[in-house]
Amino acid sequence: MDFELNEKVALVAASSTGLGKAVALGLAEEGADIIICSRDSDKLKLVSEEIQKKETRCLAIPTDLTNYSQVQDLVTKSIEHFGKIDILVTNCGGPPSGGFLDFSIEDWNRAIDLNLMSTIYLCKEIIPYMVNQGSGRIIMITSVSVKQPIKGLILSNVARAGVAGLAKSLCNEFGKNNILVNIVCPGYTQTQRVNQLAIDLSADQGLKPEEMIQKWAELNALGRIATPEEFANVVVFLASEKASHLTGTAIQIDGGLVKSLL
Ligand SMILES: NC(=O)c1ccc[n+]([C@@H]2O[C@H](COP(=O)([O-])OP(=O)(O)OC[C@H]3O[C@@H](n4cnc5c(N)ncnc54)[C@H](OP(=O)(O)O)[C@@H]3O)[C@@H](O)[C@H]2O)c1
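Residues numbered from 1 in each chain as written. Predicted model: local features only at pLDDT ≥ 70, side-chain atom pairs only at ≥ 80, totals over all residues. Heavy atoms only, no water.

Some words on the environment of Asp-2
With respect to the secondary-structure elements, Asp-2 resides in the segment before strand S1 (9-12). Considered as a pair, Asp-2 and Gly-31 are 29 residues apart in the sequence and their alpha carbons are 10 Å apart. A polar contact is formed between the side chain of Asp-2 and the backbone nitrogen of Glu-4, at a distance of 2.8 Å. (Helix = DSSP H or I, 4+ residues; strand = E, 2+ residues; numbered from the N terminus. Polar contact = N/O pair within 3.5 Å; in protein donor to acceptor, adjacent residues only side chain to side chain.)

So, in structure tokens, the structure goes:
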């Protein structure tokens, strides 16, 4: 299947590792030019080299996505370099685990900055270009918590519900401009974030981190957690011309973890 991504430019946020990196590589594999960003320029350089081996162009811009002026610079430099952004994949790090009484107001502000405000900053800067060009794809990486809040991840549960509200609102407002907005909801996927969560949460349950990961795997219908590439494949499809009537959805890539009907 030709995903028709050859002439496209994609900005993939928080792409030095994990899900963002897998998405950047997946889109590059299909021929898109890629802008990658995160805070760590050394890691970005390595990812950029990997992407360029796929014979596509890559621009790496160190950015703290919780800082609005840095996001403005990111978008300005991207447009200067490529002249357009067709596809925006929003993403950022996950907030720490814990329950309501564990967190201060500063913790709440940091979590909202990390997951909600970073998404708003990117959309605020990029949507005007998409409106002008009369097309765009926005895919927001959130979590299955937008369908079913996850125990012990209250900061993430709340911040990502805001992202879901943003996605649906943007879908309604900019559909007439041919801008399609969707959410992707990873379940447990093998990345550094999940390895760290397993370390943080396993001791409380008297388990080793690898036993914790196995326990998570058994929560879904497939009995295994996803690879980042399995996740990225769905994002590549959503970014492609093959998904041209798909907007306003929240798609789980969770091996059947969420137990509700929809
Ligand atoms: N993996 C899963 O199973 C899973 C499940 C549900 C939801 N999620 C969510 O999906 C997102 C990605 O997950 P992941 O597993 O890929 O996480 P990860 O392996 O921890 O990667 C996080 C990425 O975010 C970047 N980042 C963190 N803070 C940043 C900031 N302030 N500005 C710019 N970049 C920043 C990191 O790069 P630098 O350190 O270089 O900045 C890194 O590239 C997270 O929000 C996570 O909570 C993951």
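Structure's up, so let's keep going.
Let's talk about the pattern of salt bridges
Counting across every chain of the model gives nine salt bridges. In this structure, Glu-4 and Lys-242 form a salt bridge, with 3.5 Å as the shortest nitrogen-oxygen distance. One end of the pair, Glu-4, is in the segment before S1; the other, Lys-242, is in the loop between helix H8 (228-239) and strand S7 (250-253), and 238 residues separate them in sequence. Owing to a relative accessible area of 39%, Glu-4 belongs among the partly exposed residues under this scheme. Lys-242 gets classed as partly exposed once you look at its relative accessible area, which sits at 38%. (Salt bridge = Lys/Arg side-chain N within 4 Å of Asp/Glu carboxyl O. Buried < 20%, exposed > 50% of the residue type's maximum accessible area, 1.4 Å probe, protein only.)

Here's the deal with the packing of aromatic side chains
Tallied over the entire structure, the rule returns three aromatic pairs. Residues Phe-100 and Trp-108 carry aromatic rings whose centres are separated by 6.1 Å and whose planes lie at 55° to one another, so their mutual orientation is tilted. Residue Phe-100 is classed as exposed on the basis of its relative accessible area of 55%. When its relative accessible area of 15% is taken as the criterion, Trp-108 is described as buried. On the numbers, 4.6 Å between centres and 5° between planes, the contact of Tyr-188 with Trp-216 is stacked. Of this pair, Tyr-188 sits in the loop between strand S6 (179-186) and helix H6 (192-202) while Trp-216 sits in helix H7 (residues 209-217), and the two are 28 residues apart along the sequence. (Phe/Tyr/Trp six-rings, centres within 6.5 Å; stacked < 30°, edge-to-face > 60°.)

Brief notes about the nonpolar core
Counting 50 residues, the largest nonpolar core has Ile-35, Leu-65, Leu-122, Ile-138 and Met-140 as its most contacted members. Ignoring sequence-local partners within four residues, the contact set of Leu-122 consists of Leu-11, Ala-13, Leu-65, Val-71, Leu-74, Leu-88 and Thr-90. Membership of the second largest hydrophobic core comes to 30 residues, among which are Val-12, Ile-51, Ile-87 and Ala-239. (Core = buried A, V, L, I, M, F, W, Y, C linked by side-chain atoms within 4.5 Å. Contact = heavy atoms within 4.5 Å.)

What to know about the site of the ligand
Residues in contact with the ligand amount to 31 residues; listed here are only the nearest, Ser-38, Arg-39, Arg-160, Thr-189 and Thr-191. Contact distances for the ligand include 3.4 Å between an oxygen atom and a backbone N or O atom of Ala-14. One of the side-chain N or O atoms of Arg-193 is found 3.0 Å from an oxygen atom in the ligand. The protein chains hide 91% of the 880 Å² of surface that the ligand would expose on its own. Those elements that provide at least two residues to the shell around the ligand are helix H1 (18-29), helix H4 (105-133) and H6. The dominant element in the shell around the ligand, judged by the number of residues it contributes, is H6, at three residues. (Near = heavy atom within 4 Å. Areas by Shrake-Rupley, 256 points an atom, 1.4 Å probe, with all protein chains shown as cover.)

Focus: the sheet that holds strand S3 (residues 58-62)
Strand order in the open sheet formed by seven strands is S3-S2-S1-S4-S5-S6-S7, with parallel pairing between adjacent strands. This sheet does not close on itself; its edge strands, each paired only once, are S3 and S7. The average angle at which neighbouring strand axes cross in this sheet is 15°, direction not considered. Against the sheet, H1 makes contact with S1, strand S2 (33-38), strand S4 (87-90), strand S5 (136-141) and S6, and its axis sits at roughly 170° relative to S1, the strand it touches most. (Pairing = 2+ DSSP bridges. Axes fitted to C-alpha atoms, helices over the stretch in contact; angles between N-to-C directions.)

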